[in-house]
Every structure is written in C-alpha cells, then in structure tokens.
Amino acid sequence: QQFQALANNMAQLAWMADPDGQIFWYNKRWFDYTGAKMETIAGDGWRSLHHPDHVTRVVDKYYRCIAAGSVWEDLFPLRGADGGYHWFLSRAMPVRGLDGRIEFWCGTNTDVTEHRRQTQRLRKLARIIEMSHEAMLVRELGGSIVLWNRGCEELYGFDKSEALNTSIFDLLKPKNIPPCAEFDAQILAKGAWSGEVLYTASDGTDAWVDSRQELIKVGDRRLILETS
C-alpha cells in the first residue's frame, strides 16, 4: 500500500520491466496521461505511444542498454490521451540481486515540454539580440549580464568577454540611477522602467542613453531585457 501510494502520486510517469526489458507494471500517472490499457502496452507495446519519427531510435537505444545492463536515458515525445505529444526525459536503472544479476528495471518519464519551449524561446531571444545593431543586453535580476550583443560593443566599447558575468553597475557605472538593489526593486514592482541613463564607456567617456528595461520570465528565471 505504501509503495502504491508513493508510485501513483509521484510527479513522473513510472514503470518496471523484467531483465529483458519487457514492461510489466506502470503507475497511475502513466495511464492517466496516455489513456492506454495495460493489455495494449505490456511487454513492448509502449512502442505504439511513441512518435513515428523517433520510435526506431528510441527502441534501438533502449534494447542496447538493456543488453549491456547499463543505465538508459533518452529524450523523446510520447502521445497523450488527447492525441497530442509531450516531450519526456526518460531514464531506467537496473536493480540487481545479491549475485549481481539484474532482477528488474525501474524507469521514469519526466515531462519537459514546457522547459523545452522556454529554452527555445530564450534561444530565439538570444539570436534576435545578437543580430541587432541596437544596444541590447539581458541580465539577471540583481545579478550579472548573460547576453551582450554587438550593439552594446559598438556603443559602450566593451566586448562580450569583458561584459558577460559582470554587473552593469560595475561595468558601465551608471551615475544617475539608484544602486542595483533599489533600482531592480523598482523594475520588479512595475515590470518595466524607462528613462535616460548616464553610463561610462570603456574609454571613460560619458554615454547618455535612452534606456528601456523590462522584466521577462524564462521558465523559473527572472531576467531584465535592456534596450538602449
């Protein structure tokens, strides 16, 4: 009862397979997500839930790991009860007896669909920023610069290697806005800030800019996008 309570309420889809990789048990979340019946997905029936573009690769790697007795890990889409696909990071580990032989396999599937979407969004944002001649940067809230485009290099004179992982308050030394914690608290409270900022360029000269700073969220990360 304790095992079933744990297995059926964990966040992941979970399953167990015999030493040859034939699956004989799934948790409740697996059935809730897939809408499948045990008689159709027992053994290697799980193949029917895989996207046709990926199933051959997945099956090949799975059985190679089973034969080798090594941990299996892969990333692929699984079809849900609604007919749509979610991406899952999947992993299976062998459970061995006292004699070292594999008695069964324990597997989990973790839904990473939203994480993939956010990662793709961040990559697109990074590409847009990188290609722009307008000065654009992204920094952690209260932290360091994570994206610095060629527009920033042209305007401020610092190249990417000098700027990344550095605070703009240390790098550009703004003279007319509050300290970092106070300034970022304003952005956090309102979601955005705009106005003129007096920065210091790499050669020590003043660089007045019309700046817009906007709070953006990428997954669990809170970042500030600044366009000047």
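Source: prediction; values computed, not measured.

Draft legend 1. Molecular detail of the nonpolar core. Trp15, Trp30, Tyr62, Trp72 and Leu78 are the most contacted members of the largest nonpolar core, which totals 24 residues. Listed by contribution, the elements that provide at least two residues to this core are strand 1 (13-17), strand 2 (23-26), helix 2 (28-34), helix 4 (55-68), strand 3 (72-79), strand 4 (85-96) and strand 5 (102-111). Looking at which element gives the most residues to this core, the answer is helix 4, with six residues. Each residue touching tryptophan 72, except ones within four places of it in the same chain, is listed here: Trp15, Val58, Lys61, Tyr62, Cys65, Ser90, Arg91 and Ala92. Grouped together as the second largest cluster of nonpolar side chains are 23 residues, Trp148, Phe169, Leu172 and Ile224 included.

Draft legend 2. Region of the structure containing the packing of aromatic side chains. Following the criterion strictly, the structure yields 14 aromatic pairs and no others. Seen in terms of ring centroids, tyrosine 62 and tyrosine 63 are 5.0 Å apart; in terms of plane orientation they differ by 75°. Their pairing is edge-to-face. When its relative accessible area of 2% is taken as the criterion, tyrosine 62 is described as buried. A centroid spacing of 5.8 Å and a plane angle of 35° characterise the contact between tryptophan 148 and tyrosine 156, whose relative ring orientation is tilted. The exposure class assigned to tryptophan 148 is buried, which follows from its relative accessible area of 2%. A relative accessible area of 2% places tyrosine 156 in the buried class. Taken together, the aromatic side chains of Trp15, Trp46, Tyr62, Tyr63, Trp72 and Phe76 make up a single cluster linked through ring pairs. The ring of tryptophan 87 carries the charged tip of arginine 116 above its face, separated from the ring centre by 3.8 Å.

Draft legend 3. Region of interest: the sheet that holds strand 5. Reading across the sheet, the five strands line up as 2-1-5-4-3 and stay open at both edges, with antiparallel pairing between neighbours. At either end of the open sheet lies a strand with only one pairing partner, and these are strand 2 and strand 3. Sheet twist, expressed as the mean angle between neighbouring strand axes with direction ignored, is 25°. Of the pairings in the sheet, the one linking strand 4 to strand 5 comprises nine bridges and is antiparallel in character. Counterpart to serine 90 in the pairing with strand 5 is asparagine 109. Here helix 4 sits on the sheet and contacts strand 1, strand 2, strand 3 and strand 5; the angle it forms with strand 3, its principal contact strand, is near 150°.

Draft legend 4. Representation of the environment of cysteine 65 within the structure. Looking at the secondary structure, you find cysteine 65 in helix 4. Considering only alpha carbons, one finds cysteine 65 and alanine 92, 27 residues apart in sequence, at a separation of 9.3 Å. Leave out the neighbours within four places in its chain, and cysteine 65 touches Ser70, Val71, Trp72 and Trp105.

Draft legend 5. Quick peek at the pairing of strand 9 (residues 206-218). Note: strand 8 (residues 192-200) against strand 9, nine bridges, orientation antiparallel. Within strand 9, the residue paired with glutamate 196 across the bridge is aspartate 210. Between the antiparallel neighbours strand 8 and strand 9 lie five residues, among them glycine 204 with a positive phi of about 90°. Here seven bridges tie strand 9 to strand 10 (residues 221-227), and the two strands are oriented antiparallel to one another.

Draft legend 6. Examining unusual backbone geometry more closely. Of note, asparagine 165 is a non-glycine position whose phi angle comes to about 65°, a positive value. With respect to the secondary-structure elements, asparagine 165 resides in the loop between helix 7 (160-163) and helix 8 (168-171). Assessed through its relative accessible area of 65%, asparagine 165 is described here as exposed.

Draft legend 7. The arrangement of helix 4 in detail. Taking 1.5 Å of rise per residue, the 14 residues of helix 4 would be expected to cover 20 Å, and the 20 Å separating its terminal C-alpha atoms lies within 8% of that figure. Residues of helix 4 that are buried include every one of Val55, Val58, Val59, Tyr62, Cys65 and Ile66, and no others. The buried residues of helix 4 all sit within an arc of 135° when viewed along its axis, so they share a single face. Across from the buried face of helix 4, at angles greater than 90 degrees, the exposed residues are Thr56, Arg64, Ala67 and Ala68. In this structure, the buried residues of helix 4 make contact with strand 1, strand 2, strand 3 and strand 5. The first or second residue beyond helix 4 is glycine 69, which carries a positive phi of 70°.

Procedures and definitions
- Residues numbered from 1 in each chain as written.
- Predicted model: local features only at pLDDT ≥ 70, side-chain atom pairs only at ≥ 80, totals over all residues.
- Heavy atoms only, no water.
- Core = buried A, V, L, I, M, F, W, Y, C linked by side-chain atoms within 4.5 Å.
- Buried < 20%, exposed > 50% of the residue type's maximum accessible area, 1.4 Å probe, protein only.
- Helix = DSSP H or I, 4+ residues; strand = E, 2+ residues; numbered from the N terminus.
- Contact = heavy atoms within 4.5 Å.
- Phe/Tyr/Trp six-rings, centres within 6.5 Å; stacked < 30°, edge-to-face > 60°.
- Lys NZ or Arg CZ within 6 Å of the ring centre and 35° of its normal.
- Pairing = 2+ DSSP bridges.
- Axes fitted to C-alpha atoms, helices over the stretch in contact; angles between N-to-C directions.
- Expected span 1.5 Å × (residues − 1).
- Arc of directions from axis to C-beta.

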